[in-house]
Amino acid sequence: MFPPCSLALEPALRNQAQYIRSDDAWMLNTFVLPVIQFDSAKQLLPQFDPQHPLRISALGPKTGNAAAFLDALAEVEADIRSLAAHNVDLVSVNQLEMWLPQGADLSVLDEARSIIGDLPAFWEAPAERAQKTITWLAKLNSGTDEPTFGFKLRTGGVTPDAFPTSAQIARALVVPSTHQVPIKFTAGLHHPLRQDREEVQTKMHGFLNVLGAAILAAEHKWDEKQTAAMLEDENPKSFSFDDGFFAWREWKIDLERLNNRREFVTSFGSCSFDEPRDDLRALELL
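Residues numbered from 1 in each chain as written. Predicted model: local features only at pLDDT ≥ 70, side-chain atom pairs only at ≥ 80, totals over all residues. Heavy atoms only, no water.

(A) Up close: the packing of aromatic side chains. Per the stated rule, a full pass over the model turns up seven aromatic pairs. Judged by centre distance (5.5 Å) and plane angle (90°), the ring pair of W123 and F149 falls under edge-to-face. With W123 in strand 4 (residues 121-124) and F149 in strand 5 (residues 149-154), this residue pair connects regions lying 26 residues apart in the sequence. For W123, a relative accessible area of 0% translates into the label buried. Here F149 falls in the buried class, since its relative accessible area comes to 0%. When the centroid spacing of 5.0 Å and the interplanar angle of 40° are considered together, the rings of F241 and F246 count as tilted. Its relative accessible area of 42% is what places F241 among the partly exposed residues. In this structure an aromatic cluster arises from ring pairing among F69, W123 and F149. The ring of W99 carries the charged tip of K62 above its face, separated from the ring centre by 4.1 Å. Of note, K252 hangs over the ring of F245, and the distance from its end group to the ring centre comes to 4.4 Å. (Phe/Tyr/Trp six-rings, centres within 6.5 Å; stacked < 30°, edge-to-face > 60°. Helix = DSSP H or I, 4+ residues; strand = E, 2+ residues; numbered from the N terminus. Buried < 20%, exposed > 50% of the residue type's maximum accessible area, 1.4 Å probe, protein only. Lys NZ or Arg CZ within 6 Å of the ring centre and 35° of its normal.)

(B) Seen up close, the environment of E250. Looking at where E250 falls in the secondary structure, it is placed in the loop between strand 10 (245-248) and strand 11 (251-254). For E250, a relative accessible area of 60% translates into the label exposed. Considering only alpha carbons, one finds E250 and N87, 163 residues apart in sequence, at a separation of 50 Å. A polar side-chain atom of E250 sits 3.3 Å from a polar atom in the side chain of W251. (Polar contact = N/O pair within 3.5 Å; in protein donor to acceptor, adjacent residues only side chain to side chain.)

(C) Quick peek at unusual backbone geometry. Residue P4 is reached from P3 by a cis peptide bond, and omega for that bond is 5°. Within the fold, P4 resides in the segment before helix 1 (9-19). We note that A187 has phi near 75°; this positive angle belongs to a residue other than glycine. Relative to the helices and strands, A187 is located in the loop between strand 6 (183-186) and strand 7 (195-197).

(D) Fine view of the sheet that holds strand 12 (residues 265-269). If you walk across this open sheet you meet the seven strands as 1-2-3-4-5-6-12, and the pairing is parallel. The sheet is open, and its two borders are formed by strand 1 (31-34) and strand 12, each paired with just one other strand. Between one strand axis and the next, the sheet turns through 30° on average, direction left out of account. Of the strand pairs in this sheet, strand 1 and strand 2 (residues 54-59) are connected by four bridges, and their pairing is parallel. Bridge pairing in strand 2 links V32 to S57. Those strands touched by helix 4 (residues 106-116) are strand 3 (91-99), strand 4 and strand 5, and its axis lies near 145° from that of strand 4. Against the sheet, helix 7 (residues 207-220) makes contact with strand 6 and strand 12, and its axis sits at roughly 160° relative to strand 12, the strand it touches most. (Pairing = 2+ DSSP bridges. Axes fitted to C-alpha atoms, helices over the stretch in contact; angles between N-to-C directions. Contact = heavy atoms within 4.5 Å.)

(E) View of helix 1. Of all the residues in helix 1, the buried ones are L9, A12, L13, Q16, A17 and Y19. Considered in projection along helix 1, the buried side chains sweep an arc of 165° and stay on one side of the axis. Contact partners of the buried residues in helix 1: strand 1, helix 2 (38-42), strand 2 and helix 10 (274-282). (Arc of directions from axis to C-beta.)

(F) Fine view of the sheet that holds strand 9 (residues 239-241). On the basis of which strands lie adjacent, the open sheet formed by three strands has the order 9-10-11 and antiparallel pairing. Two strands bound the open sheet, and with one partner strand each, they are strand 9 and strand 11. Each neighbouring strand pair of the sheet contributes to a mean axis angle of 15°, computed without reference to strand direction. By the bridge criterion, three bridges tie strand 9 to strand 10 in an arrangement that is antiparallel. When the sheet's bridge partners are listed, S240 is paired in strand 10 with A247. The sheet strands contacting helix 7 are strand 9, strand 10 and strand 11, and the helix crosses strand 11 at an angle near 85°. Sitting on the sheet, helix 8 (residues 224-231) is in contact with strand 9, strand 10 and strand 11, with an inclination near 95° to strand 10.

Here is the structure:
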């Protein structure tokens, strides 16, 4: 439903219904659905079933200030409750994603928790605000049994200016690994490895680079320079997998530790489920 694919809701959900019944469903997470589309989605739920329900990451609206953010969040929470009650066997809202406007500080986030309760939420902010935002989220998570507030980092788009630099991403990866704050990524990660792409007239970050760097930076306590080096590696031979470990160059992590780290390095959003799988097969990694 998002650029560059920009499918309408009906074909997008039809694809999702097929994907969750495929052999590759294990790598598929939630369907990112704007809250404004909830009512339309209700009419399309019959293509799902109790064994293959529609699992949603609700995308809230982008607001310009803290007051508008809290007002919109209250409406979002009501819409989520309404959808969840519509047909509990066919649909569930597993998390919320929403832009955190300038001026939304620790007190605003604390009020946000009182609105949405224990629903996991990923708050998006630009890379330059990552450190401050993640520090706030860590403080709010410290009083809970499990971290329910995470950080959402935008890693690309459809124009060159939408892509943060490797240094900016590295800075955003090192902070949550220190604070144990969940992180997810969105946009521009269609391909496993960093590469030059004509359609956006710039280098696109690779999802193996980004996810791998997030995990290895936490595991080995990398600094920003080391993390950026992995983000910029375009050589597929630098990455290796077997039944016991994942490695980039000489840096390794075993599968048990990797699974533990994956609780905090959660997912990336993509407008395509086919492109990432096709590329992994081409690299003989899938």
